[in-house]
Amino acid sequence: MISQIVTLVGVLVGALTSYLSVTMAERARHRRTMETRWDQRKLDTYIEYAACVKEVADASKHSRLAEEGSETHKEFMAEMEEGERKRSALFEALVMLADPPAIEAAHEVNVALWEMIKLARTHEPPPVVGGLHERLNTYHERAREDLGIRRDSW
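These numbers were taken from a predicted model, which means no experiment stands behind them.

Trainee: So what exactly am I meant to see when it comes to the packing of aromatic side chains here?
Mentor: What characterises a pair of aromatic rings is the spacing of the ring centres plus the angle enclosed by the ring planes. Overall, the coordinates contain three aromatic pairs when judged by the stated rule. Ring centres of Tyr46 and Tyr139 lie 5.8 Å apart, and the angle between their planes is 75 degrees; this geometry places the pair in the edge-to-face category. Of the two residues, Tyr46 is situated in helix α1 (residues 2-65) and Tyr139 in helix α4 (residues 132-147); the sequence distance between them amounts to 93 residues. In this structure an aromatic cluster arises from ring pairing among Tyr46, Tyr49, Phe91 and Tyr139.

Right under this line is the structure:
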């Protein structure tokens, strides 16, 4: 009878060990899948935000170069305003997904872009030293850090 109990306990311990190891492996796999999914969503958001910023900056630049009050000027201004609305929504998504350093870098990009928009609305020439490109470069660095992309791995 003792040998049967020992055998039964051995089978139960084996089954429990097997169950626990499979459960832990499944949880780890699920966690990796979720991390990959969110990293892809972050990457997409980072790219969409940067592309939108560039579109707004280009529209701002072209509107300043166009004759004030012309149809071309009005079209570029409308494009700039629409792009700014889109950028604002993308920034909110970025705030939800990104790490604080990347959010701060994106906020600095916003500040530089708002200055460009203000100059476009008043039809003033841009300053000689622009800060948008430098701030976008910092934004890209912070986004790479958040995603774990090392520059030396290229």
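Trainee: What is the right way to read the environment of Glu82 from this model?
Mentor: As for its position among the elements, Glu82 is in helix α2 (residues 71-97). Sequence separation between Glu82 and Arg27 is 55 residues, and the spatial gap between their C-alpha atoms is 44 Å. Here the side chain of Glu82 touches Arg85 through a polar contact of 3.0 Å, side chain to side chain.

Trainee: What's the story with the nonpolar core in this structure? I'm lost.
Mentor: As a rule of thumb, nonpolar side chains are buried together in soluble globular proteins. With 28 residues, the main nonpolar core has Tyr46, Tyr49, Leu113, Leu132 and Tyr139 as its most contacted residues. No other element matches the nine residues that helix α3 (residues 100-122) contributes to this core.

Trainee: How do you make sense of the pattern of salt bridges when you look at a structure like this?
Mentor: Here the idea is simple: oppositely charged side chains can pair when their charged atoms come close. Under the definition given, this model contains seven salt bridges. For the salt bridge of Asp146 with Lys42, the shortest nitrogen-to-oxygen distance reads 2.9 Å. Of the two residues, Asp146 is situated in helix α4 and Lys42 in helix α1; the sequence distance between them amounts to 104 residues. Relative accessible area serves as the criterion here: at 12%, Asp146 is assigned to the buried category.

Trainee: Please clarify how α2 should be interpreted in this entry.
Mentor: Because an α-helix packs 3.6 residues into every turn, residues spaced three or four apart end up facing the same way. With 27 residues, α2 should reach 39 Å at 1.5 Å per residue; the first-to-last C-alpha distance of 39 Å fits that figure. Looking only at α2, the buried set comprises His73, Met77, Met80, Gly83, Glu84, Arg87, Leu90, Phe91, Leu94 and Leu97.

Trainee: So what exactly am I meant to see when it comes to a negative patch on the surface here?
Mentor: A surface patch of negative charge is lined by Glu55, Asp58, Glu75 and Glu79. Here Glu55 is to be found in helix α1. Using a relative accessible area of 42% as the deciding quantity, one classes Glu55 as partly exposed.

So, how was this worked out
Residues numbered from 1 in each chain as written. Predicted model: local features only at pLDDT ≥ 70, side-chain atom pairs only at ≥ 80, totals over all residues. Heavy atoms only, no water. Phe/Tyr/Trp six-rings, centres within 6.5 Å; stacked < 30°, edge-to-face > 60°. Helix = DSSP H or I, 4+ residues; strand = E, 2+ residues; numbered from the N terminus. Polar contact = N/O pair within 3.5 Å; in protein donor to acceptor, adjacent residues only side chain to side chain. Core = buried A, V, L, I, M, F, W, Y, C linked by side-chain atoms within 4.5 Å. Buried < 20%, exposed > 50% of the residue type's maximum accessible area, 1.4 Å probe, protein only. Salt bridge = Lys/Arg side-chain N within 4 Å of Asp/Glu carboxyl O. Expected span 1.5 Å × (residues − 1). Patch = residues over 30% accessible without salt bridge, like charges linked within 9 Å, V, L, I, M, F, W, Y side chains within 5 Å. Areas by Shrake-Rupley, 256 points an atom, 1.4 Å probe, with all protein chains shown as cover. Lys, Arg positive; Asp, Glu negative; His and termini not counted. Charge placed at Lys NZ, Arg CZ, Asp CG, Glu CD.

Distances and angles like these do not, on their own, reveal function.
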